[in-house]
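Working through the structure, step by step
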Amino acid sequence: MTLDRRDWLRLTAVGAGGALAGWFAARRPPNTPVSAPGYGPAGLMPVRSGGGSANAHIMGPYGLGVEPPANLGPNALDAALHPPPFEPGRPRLRNLDLWASEQPIALTKEVTFQAWTYNGTVPGPIIRATEGDELRIHFRNLGSRPHNLHFHGSHDPAPDGWQPVPAGGEATYPISTESFGLYPYHCHTPPANEHISRGLYGAMIIDPAKGRPPAREVVLVLCGFDLDGDGKSEVYGWNGVGGFFDRYPIKVPVGDLVRVYLVNMAWGDPMASFHLHAHTFDVFRSGTTLTPQERTDVVTLAPTERAILEFRLPTRGRYMFHPHQTHMAERGAMGWFAAV
Ligand SMILES: [Cu+2]
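The structure presented is a predicted model; accordingly, all values stated were derived computationally and were not measured.

Next up on the list: the sheet that holds strand E2 (residues 112-118). Ordered by their spatial adjacency, four strands build an open sheet running E2-E1-E4-E6, and the pairing between neighbours is mixed. With one partner strand each, in any of the chains shown, E2 and strand E6 (170-176) form the two edges of the open sheet. Averaged over all neighbouring strand pairs, the angle between strand axes comes to 25 degrees, with direction disregarded. Of the pairings in the sheet, the one linking strand E1 (residues 93-106) to strand E4 (residues 134-141) comprises eight bridges and is parallel in character. Of the residues in E4, the one forming a bridge with Trp 99 is Arg 140.

Ala 203, Val 219, Val 221, Leu 222 and Tyr 261 are the most contacted members of the largest nonpolar core, which totals 86 residues. Among the elements that line this core, the one with the most residues is strand E9 (residues 216-225), at seven residues. Both domains that furnish three or more residues to this core are identified here as domain 1 (5-33 + 72-207) and domain 2 (216-339). In this structure, Val 221 is in contact with Pro 123, Ala 203, Trp 238, Asn 239, Val 263 and Met 265, ignoring residues within four places of it in sequence.

Moving on: the sheet that holds E9. Strand order across the open sheet formed by six strands is E10-E9-E12-E17-E14-E15, with mixed pairing between neighbours. Single-partner strands in this sheet number two, and they are strand E10 (235-238) and strand E15 (294-296). With strand direction ignored, the average angle separating the axes of adjacent strands in the sheet is 25 degrees. Where E9 and strand E12 (residues 257-265) come together, eight bridges link them in parallel fashion. Looking at the pairing, Leu 220 lines up with Leu 262 of E12. Contacts between helix H6 (residues 326-333) and the sheet are confined to E9 and E10, with E10 contributing the most and set at about 75 degrees to the helix.

Glancing now at the pairing of strand E7 (residues 181-186). Across the six residues of E7, six count as buried, placing the element largely inside the fold. Judged by which residues are buried, E7 turns out to be covered on both faces: Gly 181, Tyr 183 and Tyr 185 on one side and Leu 182, Pro 184 and His 186 on the other are all buried. Pairing between strand E5 (residues 150-151) and E7: two bridges, direction antiparallel. Across the sheet, the residue bridging to Phe 151 is Tyr 185, located in E7. Where E7 and strand E8 (residues 201-207) come together, six bridges link them in antiparallel fashion. Across the sheet, the residue bridging to Tyr 185 is Gly 202, located in E8.

Conventions and cut-offs
Residues numbered from 1 in each chain as written. Predicted model: local features only at pLDDT ≥ 70, side-chain atom pairs only at ≥ 80, totals over all residues. Pairing = 2+ DSSP bridges. Helix = DSSP H or I, 4+ residues; strand = E, 2+ residues; numbered from the N terminus. Axes fitted to C-alpha atoms, helices over the stretch in contact; angles between N-to-C directions. Core = buried A, V, L, I, M, F, W, Y, C linked by C-beta atoms within 7 Å. Buried ≥ 20, exposed ≤ 12 C-beta atoms within 10 Å, placed from the backbone. Domains from an automatic or database assignment. Contact = placed C-beta atoms within 7 Å.

Here it is as C-alpha cells:
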C-alpha cells in the first residue's frame, strides 16, 4: 500500500484519517539509523579523502550527479510539485488532518534517511486556502517523542503550535487566513533544529480572494538533510528527493506563465538561493503582494523565507535551476525546467 498526498487529501475529505493513523502506527519502524551501501553504518556520506573534493564520490558532469531513488518514476513527486488548484468556492471552514510519524525515506539512489514526517512525506502536504478561510488543523503525534505543528502567518496566539504534543497526543490548531501569501509550517519542539531538519515542515499557500493570473504552478521546497548529526546538511533536494528534477526536468509550455512557490527549509545553512539559467523572473517576496519587487535571475532566502517567482520561458530548451550555494546544487539540488 502506498499513499501520496493526493490520496491523503482525498481520504481526509471522507473522514478516513483514523484508518490512516492505524496504518501508519502499524507500519512505523523502529527509530534506528539506516545504513546505505558506501555511506557508512549510519547512512553517512563519503568523506573527503586525498586531495579530491568532498563530493568526488558523487560528482559527475551536471545531469550525472546525485541520482534519485531508482524506484521513483517521473511522476513520483507530482503531489509535492503541483499544488491543489485555486478553489475560491470551497467552504470557508475546513478541517484538515496532519500527523507526525518517524519513518525512513529514500533521499537518493544510495541514501535512506530516518526522517520525521508530516503524513509520511518530506515535505509534508501542500495546504492551500483562500484568504478569509478558516482552517482547523487536527494534529496527531504518531511518533515516539514529542512533536507539534506551528504555522507561520496569522492565527490565534494561544494555540500557536510551539507547545509540545507528547507521543500519542493530539491538538487542534485554528488558522485564520486573513493575509494571503506563502507560508511554511513546521515542528517547533526542541531541539527544533533536529525536528525540522529531519523533515517536519511543509508549505501553505493562501491565495488572494480573486486569485492570481492563470499559470503553470509548481511548488519547490528546498530541503537539506543532516545525515551524520553534525548540524550541517550532506544531501539536498527540491521537494525531498536529491537529484529528482535533474533526472526529470519540470516541463512547461513555451511562453506560458510559470509560477513557482519557492520555500527555503534547508536547515544547517544560513541561506540558500534559487538561480535560473538563461532567463529572469519576477519576485513576489513572501507572496504577500500582487506586484513584484524585482526582476532578477537569483533570489536569496534564509531558512523559512519564501517567495513567489513568475516567468515565461521564451524559447524551447532546458533551463537549469539550482541554489547558487553550489555545494547544495552538487549534492542534490540541481534541476531543470524544460520548455516544450
Ligand atoms: Cu518534532
